[in-house]
Amino acid sequence: MIRVERLTKYYHDTCAVDHITLDVRQGEILGLLGPNGAGKTTTLRMLTGFLKPTSGTIRVKDYTIDEQALEIKKILGYLPESAPLYHDMLVYDYLQFVADIRGVAPARKRARIGELGDLCGINEVMHQPISELSKGYKQRVGLAHAMMNDPEVLVLDEPTSGLDPNQIVEIREIIRQIGREKTIIFSTHILSEAEATCDRVAIIHHGKIVADSSTAQLKETLGDRSRILITLAQADAAAVQRELATVTGVSSLAVLEQTDGHLRLQLECALAADPRPEIYRRIKQTSWVLLDFHLETQSLEAVFRELTKES
Amino acid sequence: MRQALRICRKEFQAYFLSPIAYIVIAIFLLVTGWFFFSTFFLLNQASLRNFFGLLPTVFAFVTPAVTMRLFAEELSIGSYETLLTLPVTNRDVIAGKFLASCAFITAMLVPTLAYPVTVSLLGSLDWGPVAGGYLGALLLGAAFSAIGLLASALTRNQIVAFIVGMAICFGLTLVDQMLFFVPRALLGTLTYLAVDSHFQNIAKGILDTRDIVYFLSLGFIGLYGTSLVLKAKH
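These figures come from a predicted structure and were not determined experimentally. (Residues numbered from 1 in each chain as written. Chains lettered and ligands numbered in written order. Predicted model: local features only at pLDDT ≥ 70, side-chain atom pairs only at ≥ 80, totals over all residues.)

Enquirer: For this particular structure, what's the right way to read the overall build of chain A?
Expert: Helix and strand content of chain A: eleven helices and 14 strands. A compact globule built from 311 residues would reach a C-alpha radius of gyration of about 19 Å, whereas chain A, at 25 Å, exceeds it by more than 25%. The principal-axis extent of the C-alpha atoms belonging to chain A is close to 80 × 45 × 30 Å. For chain A, with 311 residues in total, the buried portion stands at 39%. Within chain A, residue pairs in contact and separated by at least 24 positions form 69% of the contacts whose partners lie at least 6 positions apart. (Helix = DSSP H or I, 4+ residues; strand = E, 2+ residues; numbered from the N terminus. Rg over C-alpha atoms; globule rule 2.2 N^0.38 Å. Buried ≥ 20, exposed ≤ 12 C-beta atoms within 10 Å, placed from the backbone. Contact = placed C-beta atoms within 7 Å.)

In structure tokens form, the structure reads like this:
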């Protein structure tokens, strides 16, 4: 559906995006992750034809951005970061303007704006000036703007930034709902969000793609270490340490917390050699009371930190 | 072109959503009305010559105020990005905004039709120069709009856009008043560059292609400059 090849953008001498290659299939939700200033917004701006790449090609369906930018703009809906919309217009007037420009048939305009009002939950603010809307509502109007002509590709730049937790859940729900049929690319620096909504994530750092795979795969391949968390009662820290540190596969053991008889431990171990059966066997032989025992694979957060560490 | 007209309609409506439109129109009518009628009865002539004589100077102030927000506001709130990722070209955007400004200036001139009507009731008015004057006013408004649009595209600050636009327009209207400073070699060029003589020719009812070409080229330079500035932003 979308094919980005060796995309590069220089602002004067600084390189914002450095030879990015990306493939997005139809019906896929791709999350673009990266720290601030990694080049996410620049990439999306080039994808939507707002910025001209220094070099590299972008193809959407059979169109290239150099020659058929207008065709691409027609099938692509875009919500820029923090939804910059005309302040002094009423929401309804604005959506009507977008419908005109997007070539929605005059007879269908009213119905389409109604549909979007329901989908994005903006019916109650339809007749308010955009400048008076809260950030969450503005974002939703922006989303309605992006989806006006039912585009095949939806590009969203940090669609949930600055929203409260309830609004974030709602916007995510909307994205997932649309994502069943449409191709969606969105950028974020909130990892749990990418994990919750995306089929695939690409992590950008210093203008380069440092990882590009499904969320599950990413955690698996990069998270080769895992943690075992154990909570024990009626146990002595020194004895526990003596007993468990010698289990094969456990590389380190740390006492996280020690309160009136409760002991929380963290064991680092290699994922390949699962030491859990052995640990359980040893605990069973003692008189300790096992309250909690679970394995934590490395979170996306840790993967992200690992990949985007300043070296 | 249809996209340009849609943008034009939106921009034209936007003028009347903010108080700017009403303030600009009110000031324009007050200034022209006052200066025209304060000497009208003293001169005791049934002509609009005074009104049209004043127009380039007033337009040099008013037109940049009309055009200042067209790009500067979009650039400062970032809606420029939203607009340009809709299926429109740079040319559509520039043409739409330019036409909106021209339409606004036309709307601003409509109430002044009361002047010739009043004058024609008081004496025998020659309608030829009046028609010429209004045609000239439209050409002048369009040319100044193009310049104001260029000034607006240069900055994201509306006040800067207004001052730059006004400086250029005002310079063009005043350049033939300052000719005694100028070396002889430049005299011809500068006289040609001045707005006033071209405008007054048309306002006398003389339709010379030189004057019309002057206004059209002024407009073209403004619009082309705008498109270059916007292209550099990508």
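That shown, we press on.
Enquirer: Whenever I open this one, the nonpolar core confuses me. Can you help?
Expert: Soluble globular proteins tend to bury their nonpolar side chains together. Counting 135 residues, the largest nonpolar core has A:Tyr94, A:Ala144, A:Val155, B:Leu140, B:Ala143 and B:Ala146 as its most contacted members. The greatest single-element share of this core, amounting to 14 residues, is contributed by helix H7 (residues 127-154) of chain B. In contact with B:Leu140, not counting residues within four places along its chain, are B:Leu55, B:Pro56, B:Phe59, B:Val195, B:Phe199 and B:Phe215. Membership of the second largest hydrophobic core comes to eleven residues, among which are A:Ile228, A:Leu232, A:Leu267 and A:Ile279. (Core = buried A, V, L, I, M, F, W, Y, C linked by C-beta atoms within 7 Å.)

Enquirer: Can you walk me through the sheet that holds strand E10 (residues 208-214) of chain A in this structure?
Expert: Whether parallel or antiparallel, the strands of a sheet pair through hydrogen bonds between backbone atoms. Residue and element names in this part refer to chain A. Taken in spatial order, the six strands line up as E6-E7-E8-E3-E9-E10 in an open sheet, and their pairing is mixed. The open sheet has two edge strands, strand E6 (76-79) and E10, and neither has a second partner. Averaged over neighbouring strand pairs, the angle between their axes works out to 15° when direction is ignored. Across four bridges, strand E3 (residues 29-33) lies against strand E9 (residues 200-205) in parallel orientation. Paired with Leu 30 across the strands is Arg 200, a residue of E9. (Pairing = 2+ DSSP bridges. Axes fitted to C-alpha atoms, helices over the stretch in contact; angles between N-to-C directions.)

Enquirer: What is the right way to read helix H3 (residues 49-77) of chain B from this model?
Expert: Along an α-helix, residues three or four positions apart point the same way, because every turn accommodates 3.6 residues. Here H3(B) spans 43 Å end to end across 29 residues, near enough to the 42 Å set by a 1.5 Å rise per residue. One or two positions beyond H3(B), positive phi appears at B:Gly78, with a value near 85°. (Expected span 1.5 Å × (residues − 1).)

Enquirer: In this structure, what is going on with the interface of chain A and chain B? I would like to understand it.
Expert: A common way to report how large an interface is uses the accessible area buried once the components associate. Contact with chain A, which involves 22 residues of that partner, is made by 18 residues of chain B. When contributions to the side of chain A that touches chain B are tallied by element, the ones reaching two or more residues are helix H2 (69-75) and helix H3 (91-101) of chain A. The leading source of residues in the side of chain A that touches chain B is H3(A), at four residues. Broken down by class, the residue content of the side of chain A that touches chain B amounts to twelve nonpolar, four polar and six charged. (Nonpolar A, V, L, I, M, F, W, Y, C, P; charged D, E, K, R; others polar.)

Enquirer: Please clarify how the confidence of the model for chain B should be interpreted in this entry.
Expert: Predicted coordinates in areas of low pLDDT are best not read in detail. Confidence along chain B averages 90 in pLDDT terms, with 100% of residues attaining 70 or more. In the model of chain B, helix H9 (residues 184-193) of chain B stands out as the element of lowest mean pLDDT, 83, in contrast to helix H5 (residues 90-109) of chain B, which has the highest, 95. (pLDDT = per-residue confidence, 0-100.)

Enquirer: I would appreciate a short explanation of the pairing of E9(A) in the present structure.
Expert: Put simply, side chains in a regular strand alternate between the two faces of the sheet. All names here are of chain A. Most of E9 is tucked away, with five of its six residues classed as buried. In the sheet, E9 pairs with E10 via six bridges, with the strands oriented antiparallel. Note on E10: the bridge partner recorded for Ile 204 is Ile 209. In textbook terms, the turn of a hairpin is the stretch between consecutive antiparallel strands, and for E9 and E10 this stretch comprises two residues, one of which, His 206, has a positive phi near 50°.

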